[in-house]
Amino acid sequence: MTTTARPYVGSALDRVEGLEKVTGRAGYAFEHSPDELLYAVPVQAVVARGEIRAVDVDAAVVLPGVIAAIWYGNAPRLAPAENAELDVLQSRRVAYRGQYVAVVVAETPEGAGEAARLLRVEYDAEPHDVELRADHPDMYRPDRVNPNYPPDTERGDPDAALAAARIVVDETYTTPAEHNNPMEPHATVALWDGDGLTLYDSTQGASAVRDTVAPLFGLPPGNVRVVSPHVGGGFGSKGAPLSPVVLAALAAKHVGRPVKLAVTRQQMFAVTGYRTPTIQRVRLGADIDGRLTAIVHDAFEQSSRIREFAEQTTTPTRMMYAAPHRRTTHRLVRLDVPTPAWMRAPGEAPGMFALESAMDELALACGIDPIELRIRNEPDADPESGLPFSSRGLVACLREGARRFGWAGRDPAPGVRRRDGLLLGTGVAASTYPVYRRPSRATARCEPDGTFTVRIAAADIGTGARTVLTQIAADTLRTSPDRVRVEIGDSALPTASLAGGSMGTASWGTAVVRACEALADELDRRGGDPPADGLEADADTTEEIDAQPLFSRHAFGAQFAEVAVDPDSGETRVLRLLGVFAAGRIVNPKTARSQFVGGMTMGLSTALLEESVMDREFGDYLNHDFAQYHIATFADVRDVEAAWIEEDDPHLNPMGSKGIGEIGIVGTAAAIANAVHHATGIRVRDLPIRLDRLLRRS
Ligand code: MOS
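What counts and how
- Residues numbered from 1 in each chain as written.
- Predicted model: local features only at pLDDT ≥ 70, side-chain atom pairs only at ≥ 80, totals over all residues.
- Heavy atoms only, no water.
- Buried < 20%, exposed > 50% of the residue type's maximum accessible area, 1.4 Å probe, protein only.
- Helix = DSSP H or I, 4+ residues; strand = E, 2+ residues; numbered from the N terminus.
- Contact = heavy atoms within 4.5 Å.
- Salt bridge = Lys/Arg side-chain N within 4 Å of Asp/Glu carboxyl O.
- Axes fitted to C-alpha atoms, helices over the stretch in contact; angles between N-to-C directions.
- Left-handed = near helix turned anticlockwise from the far one by under 90°.
- Nonpolar A, V, L, I, M, F, W, Y, C, P; charged D, E, K, R; others polar.
- Pairing = 2+ DSSP bridges.
- Right-handed = clockwise from strand over helix to strand, strands pointing away.
- Expected span 1.5 Å × (residues − 1).
- Core = buried A, V, L, I, M, F, W, Y, C linked by side-chain atoms within 4.5 Å.
- Parallel < 35°, antiparallel > 145°, perpendicular 65-115°, else oblique.
- Polar contact = N/O pair within 3.5 Å; in protein donor to acceptor, adjacent residues only side chain to side chain.
- Phe/Tyr/Trp six-rings, centres within 6.5 Å; stacked < 30°, edge-to-face > 60°.

Section: helix H3 (residues 109-118)
- Turning to H3, its buried residues number three or more, namely Gly111, Ala112, Gly113, Ala115 and Ala116.
- Among the structural elements, strand S1 (38-44), helix H2 (58-61), strand S3 (66-71) and strand S5 (100-106) are those in contact with the buried residues of H3.

Written out as structure tokens, the structure reads:
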């Protein structure tokens, strides 16, 4: 472990589990192999809507080593789930193509796979509807949008203000469905012991999996233990338990032996969530000097028949820019499609693509530099809530980014710069992400040898959570990180909030600070020496977080891109990406940089590559692997730089930190699309920026 001088918060500590990971000793969910282990291979629906008429298991169960074939007709009954996605094998209904309809359990994965292929499922198929259209007759207004915002907001008279505006931008932008593809696909090993259930699961929140799975099986939460010390990414797809973990537990219960279920990369395209496609209309009204008078942002999106997931696409538009007249709306249609869910910056990422593209269009319409346009529309307080911002670093990020990127003197004329036959352009876009914090519990213990153990059911999904909690504990205990052991990733530890919403460090860090403070106080009272059997203190941050004063709390950023577009092929290369962020205090510059650069890389991937294509005839996303669902690789990612400005915000948490896991992806796609326009004069309003979208009009 690298140690640096105190304080450790703010220092680039190496990952405390780095050696374990690079030497292969860190155990992931799939690597647990209890005695008597069996393997489960699911069978997925091949119709998008209908009913299972019959399942013929005969050909499957006669294979050697096959223990069971489970479907609705013989599955253990579960208590109904709040999220009907979890009612696995509890009905004959098929809600989407790819839904689990059966599972085969066998002594070997190969045997289970072969049996699953031989299992015959007969369906009564019904006509399906899988096409998102803004004018779909079943569009409705959801009661709330994720995680708990009103669907619509309005101030003033935006229609009148648009009618009166000297300059109007009125454009529609679309973003495709995108699928989460963390390095480690979802996996569960389920192990029953009487009424006790242990799940080795790849999850962003062990406490949440316990609390969700236990009632399905009629158990108190304490009967379920979820173990998840290392997780190979999630991006939101492992944020809430989905059907695979329930299927594993159900299969293990049915056969009375431990069961291992690994979701394949192909299966992930149906059962582990995806980013909803969006259709977004943005209307901006402005004076000739670029001051906004009206902002209207309407979003249309989809969910499945069995679960309403309404993404918060237009919520960032509520707080980004000043304008007296404003409206944001969300409309949702339930289709015969898999259930969308969280994917890194759900809402903010697609929403800010539309808003920040429209701002670029407005800058051109007004003849104003796009950075200056944003600065002119900087609000004094949150324009919708009226609350003061706890801190707002957007202008500082834009200015610092402009300096580092070399923005000064940029010729705004599109389509005029050529080098080696390529068209060159630069673009900018703003970024933002809300600051969330949720209650968590933690314990801190002084061991008899004077070292410390901190326990909290946090999750490190590759972010560096274990490392930053070690730094935070070390500072609070006035010791060094190598004397602190942080135990996370187990629901048997004190209950903690999710690794989601970019709120891990803020939520867990607060609990760790309070537990360590309580321990340090108690040690001081005892004159500094722990008793022979150690000393422990605990903390629960529910009251502290409920009582925090009202502020509009957000992180901000500025994204800059330089692109080269081949006018003959339409191929776009991102030559440079620079993100400058204002995210409170940076707890660990090394892991933070990885978070920012990772988010920006995912944003590049969003801009140019990622697109799940719906096949209307079969009612399914037809690209189910990396051969057809393209994500950015090393060759696509050239020069990506993340930087941040110092931000001292006393209204956040004991660390002074804002979340950094998601903001890196927000605004990146708009910056690239704006740069592509600057390079070519072609405005691509539909992601991704495919070759054909650039050639069509050139
Ligand atoms: Mo993130 S999409 O909140 O896990």
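Text resumes after the structure shown.
Looking at the pattern of salt bridges
- Taken as a whole and judged by the stated rule, the model has 55 salt bridges.
- The residue aspartate 211 makes a salt bridge to arginine 210 at a minimum N-O spacing of 2.8 Å.
- Classification of aspartate 211 by relative accessible area gives partly exposed; the value is 38%.
- Shared partners join several salt bridges into a network, and the residues in it are Arg49, Glu51, Arg93, Glu126, Arg305 and Asp336.

Re the packing of helix H8 (residues 348-366) against helix H15 (residues 668-680)
- It is the contact of H8 with H15, at a shortest axis distance of 8 Å, that shows an interaxial angle of 35°. In the packing of H8 onto H15, the handedness of the crossing is right-handed. For the pair H8 and H15, the contacting residues are Met352, Phe353, Glu356, Ser357, Asp360 and Leu364 in the first and Ala669, Ala670, Ala673, Asn674 and His677 in the second.
- Here the contact of H8 with H15 is built from residues that sort into 6 nonpolar, 3 polar and 2 charged.

Things to note about the sheet that holds S5
- One open sheet holds the 7 strands; their spatial order is S3-S5-S1-S13-S10-S11-S12, and the pairing between them is mixed. One side of each edge strand has no neighbouring strand; the edge strands of this open sheet are S3 and strand S12 (224-227). Between one strand axis and the next, the sheet turns by 20° as a mean value, whatever way the strands run.
- Two strands pair when backbone bridges link them, and strand S10 (residues 187-193) and strand S11 (residues 196-201) are joined in this way by 6 bridges, in the antiparallel orientation. Bridged to tryptophan 192 within S11 is leucine 197.
- Along the sheet, H3 makes contact with S1, S3 and S5, crossing S1 at roughly 25°.
- With respect to the sheet, helix H5 (residues 206-216) is in contact with S11 and S12, its orientation differing from that of S12 by roughly 145°.

Description of the pairing of S12
- Bridge analysis of S11 against S12 gives 4 bridges, and the strand direction is parallel. The residue of S12 that forms the bridge with threonine 198 is arginine 225.
- Considered for its hand, the β-α-β crossover made up of S11, H5 and S12 is right-handed.

What about the sheet that holds strand S2 (residues 50-56)?
- If you trace the 3 strands from one edge of the open sheet to the other, you get S4-S2-S6, paired in antiparallel fashion. Edge strands, defined here as strands with exactly one partner in the open sheet, are strand S4 (93-94) and strand S6 (120-125).
- Strand direction decides the pairing type here: S2 and S4, joined by 2 bridges, are antiparallel. Within S4, the residue paired with glycine 50 across the bridge is valine 94.

Quick word on H15
- The terminal C-alpha atoms of H15, which comprises 13 residues, lie 18 Å apart, in line with the 18 Å expected from a rise of 1.5 Å per residue.
- Positioned one or two residues after H15, glycine 681 has a phi angle of 80°, which is positive.

Focus on the nonpolar core
- In this structure, Leu284 and Ile672 are the most contacted members of the largest nonpolar core, which totals 91 residues.
- Ranked by residue count, the leading element in this core is H8, at 10 residues.
- Sequence-distant contacts of leucine 284, defined by excluding residues within four places in its chain, comprise Leu162, Ile167, Val168, Val169, Leu292, Ala294, Ile295, Leu355, Ala358, Met359 and Leu362.
- Counting residues in each nonpolar core, the second largest holds 43 residues, with Leu250, Val263, Ala270 and Val271 among its members.

Quick word on the packing of helix H11 (residues 465-477) against helix H12 (residues 504-525)
- Orientation of H11 relative to H12, taken along the N-to-C sense of each, is 30°, at an axis distance of 9 Å. Relative to H12, the element H11 is oriented roughly parallel. Handedness of the H11/H12 crossing: right-handed. Judged by residue contacts, Ala465, Val468, Leu469, Ile472, Ala473, Thr476 and Leu477 of H11 engage Thr505, Trp508, Gly509, Val512, Val513, Cys516, Glu517, Leu519 and Ala520 from H12.
- Among the residues making up the contact of H11 with H12, the classes are represented as 12 nonpolar, 3 polar and 1 charged.

Regarding the environment of alanine 473
- Position of alanine 473 relative to the elements: it lies in helix H11.
- According to the relative accessible area criterion, alanine 473 is buried, its value standing at 0%.
- Separated by 11 residues in sequence, alanine 473 and valine 484 place their C-alpha atoms 7.3 Å apart.
- With residues up to four places along the chain from it excluded, the contact list for alanine 473 reads Val454, Val484, Val512 and Cys516.

Here's the deal with the environment of histidine 630
- Turning to its location among the elements, histidine 630 is positioned in the loop between strand S27 (620-621) and strand S28 (640-644).
- The class of histidine 630 is partly exposed, set by a relative accessible area of 39%.
- Those residues in contact with histidine 630 that sit more than four places away from it in its chain are Ser605, Leu609 and Glu610.
- There is a polar contact of 3.0 Å between the side chain of histidine 630 and the backbone oxygen of alanine 627.

So, the packing of aromatic side chains
- Taken as a whole and judged by the stated rule, the model has 11 aromatic pairs.
- With centroids separated by 5.6 Å and ring planes inclined at 75°, the aromatic side chains of tryptophan 407 and phenylalanine 560 adopt a geometry described as edge-to-face. With tryptophan 407 in the loop between helix H10 (394-405) and strand S18 (418-419) and phenylalanine 560 in strand S24 (residues 554-565), the pair connects residues that are 153 residues apart, well separated along the chain.
- A relative accessible area of 6% means that tryptophan 407 is categorised as buried.
- The interplanar angle of 40° and the centroid separation of 5.7 Å between the aromatic rings of phenylalanine 596 and tryptophan 644 together place this pair among those described as tilted. Of this pair, phenylalanine 596 sits in helix H14 (residues 589-608) while tryptophan 644 sits in strand S28, placing them 48 residues apart in sequence.
- On the basis of relative accessibility, which here comes to 0%, the residue phenylalanine 596 falls in the buried class.
- Residue tryptophan 644 is classed as partly exposed on the basis of its relative accessible area of 24%.
- Among the aromatic side chains, those forming a connected cluster through ring pairs are Phe405, Trp407 and Phe560.

Quick look at the environment of alanine 643
- Looking at the element boundaries, alanine 643 is found in strand S28.
- In this structure, the C-alpha to C-alpha distance between alanine 643 and arginine 593, residues 50 residues apart in sequence, is 7.6 Å.

Structural notes on unusual backbone geometry
- Between asparagine 146 and proline 147 the backbone carries a cis peptide bond, its omega angle lying at -10°.
- Structurally, proline 147 is set in the loop between S6 and strand S7 (153-155).
- At the junction of leucine 687 and proline 688, the peptide bond is cis and its omega measures out at -5° in the coordinates.
- Along the polypeptide, proline 688 turns up in the loop between H15 and helix H16 (691-695).
- For arginine 478, which is not a glycine, the phi torsion comes out positive at approximately 55°.

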